[in-house]
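# Summary of the model geometry
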Amino acid sequence: MKRLRLKLRMTGIGICALLSISVYGQSAQRPNIVLIYADDLGFGDVSCYGAKRISTPNIDQLARQGVRFTNAHASSSTCTPSRYSMLTGEYAWRHAGTGIAPGNAALIIPQDRITLPGMLQRAGYQTAAIGKWHLGIGGPEGPDWNGELKPGPLEVGFNYAFLMPATADRVPCVFVEDHRVVNLDPADPITVSYKQPLGDAPTGRNNPELLKMKASHGHDQAIVNGVGRIGYMTGGKRALWVDEDLAKTFTDKAISFITQHRQQPFFVYLATHDIHVPRVPHSQFAGKSGMGPRGDAILQLDWTVGRIMETLQRLQLSDNTIVIFSSDNGPVVDDGYQDQAVELLGSHRPSGPLRGGKYSAFDAGTRIPMIVRWPGQVKKGTSGALLSQVDLLATLAKLTGQSLGQEDAPDSFDMLPAFLHQSEKGRNSLVAHAGVLSIIRGDWKYIPASKGPRKDNHVNIELGNDPAPQLYDLRKDLGEQRNVAATHPALVKELAAELDRIRTKGSERP
Ligand code: NG6
Ligand code: CA
């Protein structure tokens, strides 16, 4: 018995030794990783990034205990492409079909591609996707909501999934767990159409009297829980989610996954619905911010962060867990519902000092809050290093000792020293994607001439399009007010050539 125990202990030592094999001179490690990915949260939306009218104590605490980045970017100024890029390490604009996905899109991530969760699975992690997916589900024929929903997250590297399949403003308004719609009554099957109304089911357009929150643009098709949505849906009554409970449901699922897997390394991708539209926060938060549902949703998001941190603390995992907090794109105030976000905004600046917002090529489109906490490993403070979420794959691969092939994650750089704030040196450049592709290199931002509209009047956001090329010196002009392209023709030419090179080469990594 004694000998067996000794043997086991020796094997244990052997395994530990294996786990800390030196990779390029640095030891591979396997901390737990929790990635809390907010939706449409702007650079200026939380108090540790300068918001004054709203207080986000839990997010601020993360920032105090970790590193707060001031020049980190989502790859794109909308959701689907940012998520695609972050999970694959490949800029979404290289891959057709990665625009904002309809609610009945087929799985967008190719199954033969390395992914962030797949790489971590290889490193021995249990991986979960919880919350907003918006990357399509099902084969080329699209999702079978009443049958097996496959392929999906489980086929691209996740061991477990509990999802809102697209967005809360897109049908079907049901949860998907692994391969099935949760709580579906076979006697009441789901029908979804993104083309025409289904029978005589009420719609936001025809029956506005049934709405508890009216649309300001779009969102006038199916009515679910008194909210008009994009797309038509009938059936699945027992499976419908309750908007007020979305945050709690996702947070609880993440907590159970963490609790269940506390003995092994885990990766939880918790993609919150907050603060996307429709903003229908729980009564615990409704009316609490004084800024209407958009502000209340920020408070609810902060609560989610607090509950996750409390759980890690309670399970004594707080020191051995990297917590990453970020957002998929910049902020929008009116994104299609009359929820008083505009009227109650007051002095709050969702973009902080930046120009533009969601959908925009200006910096507020992609520059987002990003905080990394890992006690004892991350140097506390603020970093201005230029980083992209597309780098998470190569960075965490380096951390966990996983090697990447030349073709894998072609735009992802190992930025581990910057990520842990051991260094202030970020990327040399990055490509930001809105309607147009821009390049940021050092202090300079170059937006090529583009034909699109200058402003989206529905959302009241400047899109950054201009028939003339634009060049901004972000060091002196963070708010992109003075276009200096005309006085720097050589630099414009150089940046245009660099952008072209990255675009045509198929990879940003050398
Ligand atoms: C737009 C929607 C907007 C939002 C966005 C996607 C209308 C009028 N607007 O088309 O409400 O859903 O798509 O947002 O329908 S994202 O954050 O998921 O990219
Ligand atoms: Ca978004």
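Just so it is clear, the model here is predicted, and its values are computed rather than measured.

For the protein chain, the helix and strand inventory stands at 9 helices and 24 strands. Its C-alpha atoms give the protein chain a radius of gyration of 23 Å, within 12% of the compact-globule value 24 Å for 510 residues. Based on the C-alpha atoms only, the size of the protein chain along its principal axes is roughly 75 × 70 × 45 Å. Residue burial in the protein chain is summarised as follows: out of 510 residues, 60% are buried. Counting only contacts in the protein chain whose residues sit at least 6 apart along the sequence, the fraction spanning at least 24 positions is 74%. Total accessible area computed for the protein chain in this model is approximately 20200 Å², and 51% of it derives from carbon and sulfur atoms.

Looking now at the coordination of the calcium ion (ligand 2). With distances of 2.2 to 2.8 Å, the protein atoms coordinating the calcium ion (ligand 2) are Asp39 (OD), Asp40 (OD), Asp328 (OD), Asp328 (OD) and Asn329 (OD1). The site at the calcium ion (ligand 2) holds 6 donor atoms, and with the angles between them running 51 to 176 degrees, its shape is irregular. Site description for the calcium ion (ligand 2): donor spacing in sequence, D-D-x287-D-N. Taken together, the positions of aspartate 39 in the loop between strand E3 (32–38) and helix H2 (57–65) and asparagine 329 in the loop between strand E15 (321–327) and strand E16 (370–373) put the pair 290 residues apart, joining distant regions of the chain.

Once that is clear, we can look at the layout of surface pockets. The gaps of empty space that remain are located by a probe, the size of a water molecule, rolled over the atoms. Its boundaries defined by the atoms lining it, the largest pocket holds a volume of some 350 Å³. Val333, Leu345, Pro350, Asn460 and Ile461 are the residues nearest the centre of the largest pocket, which is lined by 19 residues in total. Here the lining of the largest pocket is composed, by residue class, of 9 nonpolar, 7 polar and 3 charged.

Here aspartate 391 is to be found in the loop between strand E18 (387–388) and helix H7 (392–400). Take aspartate 391: its relative accessible area is 2%, and that puts it in the buried class. Looking at aspartate 391, its side chain comes within polar contact range of the main-chain nitrogen of phenylalanine 413, at 3.0 Å. Not counting the four nearest positions on each side in its chain, aspartate 391 is found in contact with Asp411, Ser412, Phe413, Met415 and Arg427.

A complete count under the given rule lists 28 salt bridges for this structure. Across the pair arginine 83 and aspartate 39 runs a salt bridge, and its minimum N-O distance is 3.8 Å. On the criterion of sequence distance, the pair formed by arginine 83 in helix H3 (residues 79–88) and aspartate 39 in the loop between E3 and H2 is long-range, its members being 44 residues apart. According to the relative accessible area criterion, aspartate 39 is buried, its value standing at 0%. Here aspartate 220 makes a salt bridge to arginine 205, at a shortest N to O gap of 3.2 Å. A residue pair is termed long-range when its members are at least 10 positions apart, and aspartate 220 in the loop between strand E10 (191–193) and strand E11 (223–224) and arginine 205 in the loop between E10 and E11 qualify at 15 residues. By relative accessible area, aspartate 220 is classed as partly exposed at 24%. A relative accessible area of 46% places arginine 205 in the partly exposed class. What you see here is one network of salt bridges that share partners, running through Asp39, Arg83, Lys132 and Asp328.

On to the site of ligand 1, then. Around ligand 1, a shell composed of 19 residues is seen, among which Cys79, Asp169, Arg170, Asp335 and Lys358 lie nearest. Here an oxygen atom of ligand 1 sits 3.1 Å away from a polar atom, N or O, in the side chain of aspartate 40. Note that an oxygen atom of ligand 1 is positioned 2.8 Å from one of the side-chain N or O atoms of lysine 358. Isolated, ligand 1 exposes 450 Å² of accessible area, and the fraction of that covered by the protein chains is 85%. Residues belonging to the shell around ligand 1 are distributed by class as follows: 5 nonpolar, 7 polar and 7 charged.

Scoring rules and cut-offs
- Residues numbered from 1 in each chain as written.
- Chains lettered and ligands numbered in written order.
- Predicted model: local features only at pLDDT ≥ 70, side-chain atom pairs only at ≥ 80, totals over all residues.
- Heavy atoms only, no water.
- Helix = DSSP H or I, 4+ residues; strand = E, 2+ residues; numbered from the N terminus.
- Rg over C-alpha atoms; globule rule 2.2 N^0.38 Å.
- Buried < 20%, exposed > 50% of the residue type's maximum accessible area, 1.4 Å probe, protein only.
- Contact = heavy atoms within 4.5 Å.
- Areas by Shrake-Rupley, 256 points an atom, 1.4 Å probe, with all protein chains shown as cover.
- Donors = N, O, S within 2.8 Å, 3.2 Å for Na, K, Ca; no water.
- Tetrahedral: all angles 85-135°; square planar, octahedral: opposite > 155°, others 65-115°.
- 1 Å grid on protein atoms, 1.4 Å probe; cavity = no way out; pocket = protein on both sides within 12 Å on 5 of 7 lines; lining within 4 Å.
- Points joined across faces, edges and corners; volume = space filled by probe spheres on them.
- Nonpolar A, V, L, I, M, F, W, Y, C, P; charged D, E, K, R; others polar.
- Polar contact = N/O pair within 3.5 Å; in protein donor to acceptor, adjacent residues only side chain to side chain.
- Salt bridge = Lys/Arg side-chain N within 4 Å of Asp/Glu carboxyl O.
- Near = heavy atom within 4 Å.

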